[in-house]
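Observations on the model geometry
Residues per chain, in single letters:
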2 protein chains.
Amino acid sequence: MDPRVEDHAEIIVDHSVSVEQGDEVIVRAPDAAEDLLVALYEKLGERGAKPVRMSQSGRANRAYMHAMDPEDFELAEHALAAVEEADVAIMVSASRNTHETGDVPPEKNAAMGKVQKPIQEAMMEKRWVGTQYPAPGNAQDAEMSTDAYEEFVWSAINKDWEEQREFQEHMVEILDPADEVRIVSGEGTDVTMSVDGMITANDYAEKNLPGGEVYTAPVPDSVEGEVHFDMPLMAQGREVEDVHLTFEDGEVVEFAAEKNEEVLAAVLETDEGASRLGELGIGMNRDIDRFTDNTLFDEKMGDTVHMALGRAYEWTVGEDRERNDSAVHMDMIVDMSEDSRIEVDGEVVQRDGTFVFEEFEE
Amino acid sequence: MDPRVEDHAEIIVDHSVSVEQGDEVIVRAPDAAEDLLVALYEKLGERGAKPVRMSQSGRANRAYMHAMDPEDFELAEHALAAVEEADVAIMVSASRNTHETGDVPPEKNAAMGKVQKPIQEAMMEKRWVGTQYPAPGNAQDAEMSTDAYEEFVWSAINKDWEEQREFQEHMVEILDPADEVRIVSGEGTDVTMSVDGMITANDYAEKNLPGGEVYTAPVPDSVEGEVHFDMPLMAQGREVEDVHLTFEDGEVVEFAAEKNEEVLAAVLETDEGASRLGELGIGMNRDIDRFTDNTLFDEKMGDTVHMALGRAYEWTVGEDRERNDSAVHMDMIVDMSEDSRIEVDGEVVQRDGTFVFEEFEE
């Protein structure tokens, strides 16, 4: 067993979901993650927990959805019963081929997603974590060899999360009481927004592993300016590249993309909230040093900022503040490593990828 | 997709467990059975059923059991909740290595089995079937190439089960009203027993796939004579070969085995019922033409008889008859293809592997 797999399992069990004796645990891990599954079962055994594996196969799900009449989709009550009875859910992504369900008609994918929503929601009420195992299909998406991708994934995951939490807490202390935030990068990005009365969260790998971001919600109608997003994003199964957005009174009033602009247009038209921001996040996990076409990693990339069109997380919205709601939550990333700065209430708090509290600490 | 896999899936779904629209289905299929899993999901989708995969990994289970304190084993309530809510359970065996849990201490295996008993029992109250996918580890146990083993497995499974049911029904009609049965084979086997008042069952692949046997329960104290079992049997993880048993008043009074005789001794001493027969079965699936070290197949082998020490199945015991009870149910097989006969109430009903109703029908 690769010791990095054992470390990964230990961080999941002890840090992310804090498994205790007697916990009923659901493990969702596909076949491609077998080594991590074995390591998880060992740690769960050591702690006297009770795992049940409810895994999914991309190939099987594709065959099922193809065969189903769209009107026959129904909630699987037996799956819900298991989740409701559980204390902990560990969800591992891993794929031999990330396009395994790529030819399922969108209306069937949507129907399946809809009937599974109560199961997803029940999971979110438990101690849960979503993580990634570096399977060959995921390495391929990242345009990396499997060995290099393994090193990338485990560097991002197997770290001292208490130290990371403390590092990020500096940024929370700056952002949480702030009013105005300005993001400037290169020629294309100069945007300001209010985060007044909003709550800044510190993601140190509890629900997402890897974690590594600090995030809050903008006041919905406060966003002004333009943004050029440097990294491609996936929407409706297609890659959208070089997105430019212009905001007035919080709303997107102009948009462009070099590739798949019509997908971007469709996203923006989903509902009213889809053309406003629901999240401002600061990526602070510097072991994530490249784009790998996987939001779990990309949005935590060191020296980046991300903004999401659509739904704001409840816990980032102050009690007396409006929450931007939408069926959409689309993260888009800006590179902040060069020719860039973050200003908070007029003071520069990050320049070219270096935070003000890093200079203080030197 | 191999069309034999699709046929296998269709027989499971339509014949063995008769899946209907809206059925909540639990599929237990390990990674090594992925093709059958995909085919099953397709058939389940076509019929509008709702599958949830609750699979087990031998490697993960081994790691878990090794790590657990034997006193910490507890019922997984979330697994039980899913099973109780289900209508159908499909259990597929398949293994890349059938010895994956072979180094788990027996007391942990026993503890695990004990806490899982309510889950097993809940499954037995549903429409359920147990079947085999021809994975490389199972082919290895059978001492066959994977390709030859695939052909063997699917020949035994993918057949006209209505025709097989009718063929076996001839034997049910002989055995069900019978009193005395005598089995004679070679030098070593000449045993008589009463089946008076017992019920003969016709196994045509409802709960076991493959099926292919006709079986009943002997009157516990009626068995007299000696039996030489030609095929090895597995008990407590070890192979016992060339078993000889001598019965008086239904009880084993002498025993011998060429290999692992002490295992046989331990089985016989388990409890009072372990030294009496609980089953007499007639194997009638002639596509199973060889021993493959897998009871699911071996006990249905054409031109064989099997007798089980220990527990009798409730449904084979007449209302006013005593049921032999035991923690043990150990099937042992006698070859009936040569120099052998089955007599029922003094009449020969099978000689050298040919049934009396086959001669009639010619």
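Residues numbered from 1 in each chain as written. Chains lettered and ligands numbered in written order. Predicted model: local features only at pLDDT ≥ 70, side-chain atom pairs only at ≥ 80, totals over all residues. Heavy atoms only, no water.

Before going further, it helps to examine the packing of helix α4 (residues 77–85) of chain A against helix α5 (residues 106–124) of chain A. All names here are of chain A. Packing of α4 against α5 brings their axes to within 9 Å, and their N-to-C directions diverge by 10°. When the interaxial angle is binned, α4 and α5 end up roughly parallel. Across from A79, L80, V83 and E84 in α4, the residues of α5 making contact are P118, I119, A122 and M123. (Axes fitted to C-alpha atoms, helices over the stretch in contact; angles between N-to-C directions. Helix = DSSP H or I, 4+ residues; strand = E, 2+ residues; numbered from the N terminus. Parallel < 35°, antiparallel > 145°, perpendicular 65-115°, else oblique. Contact = heavy atoms within 4.5 Å.)

Right, let's get into the sheet that holds strand β13 (residues 243–248) of chain A. Residues and elements named next belong to chain A. In spatial order, the strands read β14-β13-β10-β6-β5-β18-β19-β20; together these 8 strands make up an open sheet with antiparallel pairing. At either end of the open sheet lies a strand with only one pairing partner, and these are β14 (251–256) and β20 (354–355). Here β13 pairs with β14 via 5 bridges, running antiparallel. Paired with L245 across the strands is F255, a residue of β14. The sheet contacts of helix α9 (residues 261–268) involve β13 and β14, and relative to β14 the element is tilted by about 165°. (Pairing = 2+ DSSP bridges.)

Residues and elements named next belong to chain B. The terminal C-alpha atoms of helix α1 (residues 3–16) lie 19 Å apart, and with 14 residues this matches the ideal 20 Å at 1.5 Å per residue to within 8%. Looking at α1, one finds that the buried residues are V5, H8, A9, I11, I12, V13 and S16. Taken from the residues just after α1, S18 is the one with a positive phi, measuring 40°. (Expected span 1.5 Å × (residues − 1). Buried < 20%, exposed > 50% of the residue type's maximum accessible area, 1.4 Å probe, protein only.)

Judged by side-chain charge, E77, E84, E85 and E125 of chain A together with E77, E84, E85 and E125 of chain B come together as a negatively charged surface patch. Of all elements in the fold, only α4 of chain A together with α4 (77–85) of chain B reach the threshold of two or more residues within the negative patch. For E84 of chain B, the location among the structural elements is in helix α4. (Patch = residues over 30% accessible without salt bridge, like charges linked within 9 Å, V, L, I, M, F, W, Y side chains within 5 Å. Areas by Shrake-Rupley, 256 points an atom, 1.4 Å probe, with all protein chains shown as cover. Salt bridge = Lys/Arg side-chain N within 4 Å of Asp/Glu carboxyl O. Lys, Arg positive; Asp, Glu negative; His and termini not counted. Charge placed at Lys NZ, Arg CZ, Asp CG, Glu CD.)

Before going further, it helps to spend a moment on the environment of A111 of chain A. Residues and elements named next belong to chain A. Considering the arrangement of structural elements, one finds A111 in helix α5. Assessed through its relative accessible area of 18%, A111 is described here as buried. Remark: the alpha-carbon pair of A111 and T131, spanning 20 residues in sequence, is separated by 25 Å.

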